[in-house]
Amino acid sequence: MPTVSVGRDLLFAAIGRTYTQEEFEDLCFSFGIELDDVTTEKAVILKEKHLEDEGPSADDEIIYKIEVPANRYDLLCLEGLAQALRIFNGQEKIPRYTVANISKDRMLKMHVKKETSLIRPFLVCAVLRGITFDEASYNSFIDLQDKLHQNICRKRTLVAIGTHDLDTLQGPFTYEALPPPEIKFVPLKQVKNFRADELMEFYKSDLKLKKFLHIIEKSKVFPVIYDRNRTVVSLPPIINGAHSAITLRTKNVFIECTATDLTKAKIVLNTMVTTFSAYCEKKFEVEPVEVISFDGKSSVYPDLSEYNMEVPLSYITGSIGVPLEIDEVTSLLNRMQLHAKQAGLGEKNISVSVPPTRSDILHPCDVMEDVAIAYGYNNIPKRKLSSLKPLPLNQLSELIRDEIARNGFTEVLTWILCSKKENFEMLNQKDDNSAVIIGNPRSSDFEVVRSSLMPGMLKTVGHNKDHPKPIKIFEVGDVVLLDEKKDVGASNHRLLGALYCGANSGFELIHSLVDRIMEVMGTPFVSVGNNTGYYIELSDEPQFLSGRQAKIINKGRRIGIFGIVHPEVLNNFDIPDPCSFLELDIESFLQDLFRNS
């Protein structure tokens, strides 16, 4: 979860009272956040420079590091934290955020060119008029942008924020995408004029900005924002222009957010303007900007409207396990910055208005969670559930684990994700398009969800080939296969895998393990074709040695396979010793039990 560093004295001044450390820890816990660390500004600076701390002094500013939920973007700076805690303490009411009532003719306009759809297609804007910064609020304004960039903006890949001194610019603005050599401007904190392609090379040595170059540097066009005089406002998502840099003297702030995700861009813009509109001349009022698309479509931002939902009282009290009256619930929700009231006279529903600061509220369960936090988790009475039984499949899995362990096998737990090559090619199998493919995998080792336990167990033996022989391991775990009948398009299957590796193949040991499992399951061995029990038949699977493999047929259905692993497969996994392997569908036994009951 993100950690917000704030000066203790500044925070207490913003809250309107002081606390001992213990009292503040209790307040944080009650509100659902955590005081993670207490340090000093000097210690933080020395740590960043990898220098030793000489010890605290009386003049050092105390810094509180507070851990906040990852989806509470409104708590990522001192202003948001202080306001939330004041409302939680009942010191003030929830503010109502408004968009300035001005006609479209008087609004600032941003024209979006068609070429931007090739790289960063979305843009939202707003203006904070009559803002007054001091050093602390100015630093907090900059810090919130950095926190949002690291969090919801995903290091500027999804959203990039630009803030500018509006008095240095003239609207209307244009958002364009041009070849890099055509873009020339003086970037922030520089005095030299750069072409955009030169800027990419220049910033490759910049510790902060080089992390963002990859987002656009290989594109044929770069996004750029101009004002009416063709002054470069910003080159998103890399750097703003020096011409419009904000300072402590800035009175009117123009905020633009370019994005590949419009929803997140709206959330980021709302977070910025709602948090710092408190410093505006007209408190909590934001001036809108009209964004005009290349196709003529017009949108006005920001959208500070409240989202309304109705939540049954029974859902809240039933989920928390505490009998609460409607008045109590609405009072608790108001403390959590949610406008709440009884839906109608005599009704048992609660009408909740979600302000633009609370983008984390998406479902009645989020409302219920806020009630539980405000009520206090420690105040919820502990009770023993009337019935708590494991799922039949998990019960059966535990019984099978216990039985195989008694037969001298050691349980392993392997990755459920593997590479496509391991799942098919290294097992001498062709890709039959049955595996679930991972979108945007972080590495080639995690491309698909396994459709067999075999590759993971063979990798385990391959990495432990110097272990004393024999190696006897097993795994009870899920594989996933594509399934059009399921609403998610795939289904899980619980399998048992067992592997023997030694000086000889150990085929008879794996065979005896099959017989023992079937005996424990109460399934008799029968002649071929008899559907009252199980029998084995010769199979022809490429991962096993021909003539040394068999499929297991139980009551007319194939439920597994075992045999000696093919030497080519062993070589693929760098295993020098012969191995035998068993794979069995555990769920088939449950289906038989349910069918007979």
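Throughout what follows, the structure given in this document is the object of discussion. This structure is a prediction, so every number in the text was calculated from the model and none was measured.

## Quick look at the packing of helix H1 (residues 8–15) against helix H4 (residues 78–88)
Here comes step 1: Where H1 contacts H4, the axes come no closer than 9 Å and their chain directions differ by 45 degrees. One way to sum up the angle between H1 and H4 is to call them oblique. Helix-helix and strand crossings are classified by hand; for H1 and H4 the assignment is right-handed. Counted together, Leu 10, Leu 11, Ala 14 and Ile 15 of H1 and Leu 78, Ala 82, Leu 85 and Arg 86 of H4 form the full contact between these two elements.

## So, helix H9 (residues 326–335)
Here comes step 1: Within H9, burial applies to Ile 326, Val 329, Thr 330, Leu 332 and Leu 333. Seen from one end, H9 has its buried residues packed into an arc of 160 degrees, which puts them on one side.
Here comes step 2: Looking at the buried side of H9, the elements it contacts are helix H8 (313–320), strand E18 (339–342), strand E19 (349–354) and helix H10 (364–375).

## Brief notes about the nonpolar core
Here comes step 1: Counting residues in each nonpolar core, the largest one holds 95 residues, and the members touching the most others are Phe 24, Ile 66, Met 110 and Leu 148.
Here comes step 2: When sequence neighbours within four positions are dropped, the list of residues in contact with Phe 24 reads Leu 11, Phe 12, Ile 15, Tyr 19, Leu 35, Tyr 64, Ile 66 and Leu 85.
Here comes step 3: The next biggest cluster of nonpolar side chains, apart from the first, holds 25 residues, and it includes Leu 393, Leu 396, Ile 400 and Ile 517.

## A look at the side chain of Arg 450
Here comes step 1: Summarising the element assignment, Arg 450 is placed in the loop between strand E22 (448–449) and helix H13 (454–463).
Here comes step 2: Using a relative accessible area of 5% as the deciding quantity, one classes Arg 450 as buried.
Here comes step 3: Polar side-chain contacts of Arg 450 include one of 2.9 Å to the backbone oxygen of Asp 478.
Here comes step 4: Setting aside anything within four residues of it in sequence, one finds Arg 450 in contact with Thr 414, Trp 415, Ile 416, Cys 418, Asn 423, Glu 475, Gly 477, Asp 478, Val 479 and Val 480.

## As for the sheet that holds strand E3 (residues 62–67)
Here comes step 1: Across the sheet, which stays open at both edges, the 3 strands sit in the order E1-E3-E2 with antiparallel pairing between neighbours. In this open sheet, the two strands that pair with only one neighbour each are strand E1 (3–7) and strand E2 (34–40). The average undirected angle you get between the axes of adjacent strands in this sheet is 25 degrees.
Here comes step 2: Across 6 bridges, the pairing between E2 and E3 is antiparallel.

## Topic: unusual backbone geometry
Here comes step 1: Geometrically, the link from Pro 236 to Pro 237 is a cis peptide bond, its omega value of 0 degrees lying close to zero.
Here comes step 2: The backbone phi angle of Asn 433 is positive, close to 60 degrees, even though this residue is not glycine.
Here comes step 3: Counting through the fold element by element, Asn 433 comes out in the loop between helix H12 (420–423) and E22.

## Details of the pattern of salt bridges
Here comes step 1: What the rule picks out here adds up to 30 salt bridges.
Here comes step 2: Asp 577 is the salt-bridge partner of Lys 469, the closest N and O atoms lying 3.5 Å from each other. Of this pair, Lys 469 sits in the loop between H13 and strand E23 (471–482) while Asp 577 sits in the loop between helix H15 (567–572) and strand E28 (579–585), and the two are 108 residues apart along the sequence.
Here comes step 3: Through salt bridges that share partners, Lys 104, Lys 109 and Glu 290 make up one connected network.

## Considering the sheet that holds strand E17 (residues 307–312)
Here comes step 1: Read from one edge to the other, the open sheet built from 3 strands follows the order E17-E19-E18, with strand pairing classed as antiparallel. What marks the edges here is a single partner per strand, and that holds for E17 and E18. Each neighbouring strand pair of the sheet contributes to a mean axis angle of 25 degrees, computed without reference to strand direction.
Here comes step 2: Sheet topology places E18 next to E19; 4 bridges connect them, and they run antiparallel. Paired with Lys 341 across the two strands is Ser 351, which belongs to E19.
Here comes step 3: Across the sheet, H8 is in contact with E17 and E19; its angle to E17 comes to roughly 65 degrees.

## Some words on the pairing of E23
Here comes step 1: Most of E23 is tucked away, with 9 of its 12 residues classed as buried.
Here comes step 2: Across 2 bridges, the pairing between strand E20 (residues 410–411) and E23 is parallel. For Glu 411, the partnering residue across the bridge sits in E23 and is Phe 474.
Here comes step 3: The sheet contact formed by E23 and strand E24 (residues 490–501) spans 12 bridges and is antiparallel. Within E24, the position partnered with Leu 482 by the bridge is Ala 490.

## Section: a negative patch on the surface
Here comes step 1: Judged by side-chain charge, Glu 22, Glu 25, Asp 26, Glu 34, Asp 36 and Asp 37 come together as a negatively charged surface patch.
Here comes step 2: Looking at the negative patch, the elements with two or more residues in it are helix H2 (21–31) and E2.
Here comes step 3: Checked against the element boundaries, Asp 37 lands in strand E2.
Here comes step 4: For Asp 37, a relative accessible area of 35% translates into the label partly exposed.

## A word on the environment of Leu 482
Here comes step 1: Positionally, Leu 482 belongs in strand E23.
Here comes step 2: Owing to a relative accessible area of 46%, Leu 482 belongs among the partly exposed residues under this scheme.
Here comes step 3: Once the C-alpha coordinates of Leu 482 and Ser 434 are considered, the two residues, 48 residues apart in sequence, prove to be 5.5 Å apart.
Here comes step 4: Not counting chain neighbours up to four residues away, the residues in contact with Leu 482 comprise Asn 433, Ser 434, Ala 435, Val 436, Gly 489 and Ala 490.

Criteria and cut-off values
- Residues numbered from 1 in each chain as written.
- Predicted model: local features only at pLDDT ≥ 70, side-chain atom pairs only at ≥ 80, totals over all residues.
- Heavy atoms only, no water.
- Axes fitted to C-alpha atoms, helices over the stretch in contact; angles between N-to-C directions.
- Helix = DSSP H or I, 4+ residues; strand = E, 2+ residues; numbered from the N terminus.
- Parallel < 35°, antiparallel > 145°, perpendicular 65-115°, else oblique.
- Left-handed = near helix turned anticlockwise from the far one by under 90°.
- Contact = heavy atoms within 4.5 Å.
- Buried < 20%, exposed > 50% of the residue type's maximum accessible area, 1.4 Å probe, protein only.
- Arc of directions from axis to C-beta.
- Core = buried A, V, L, I, M, F, W, Y, C linked by side-chain atoms within 4.5 Å.
- Polar contact = N/O pair within 3.5 Å; in protein donor to acceptor, adjacent residues only side chain to side chain.
- Pairing = 2+ DSSP bridges.
- Salt bridge = Lys/Arg side-chain N within 4 Å of Asp/Glu carboxyl O.
- Patch = residues over 30% accessible without salt bridge, like charges linked within 9 Å, V, L, I, M, F, W, Y side chains within 5 Å.
- Areas by Shrake-Rupley, 256 points an atom, 1.4 Å probe, with all protein chains shown as cover.
- Lys, Arg positive; Asp, Glu negative; His and termini not counted.
- Charge placed at Lys NZ, Arg CZ, Asp CG, Glu CD.

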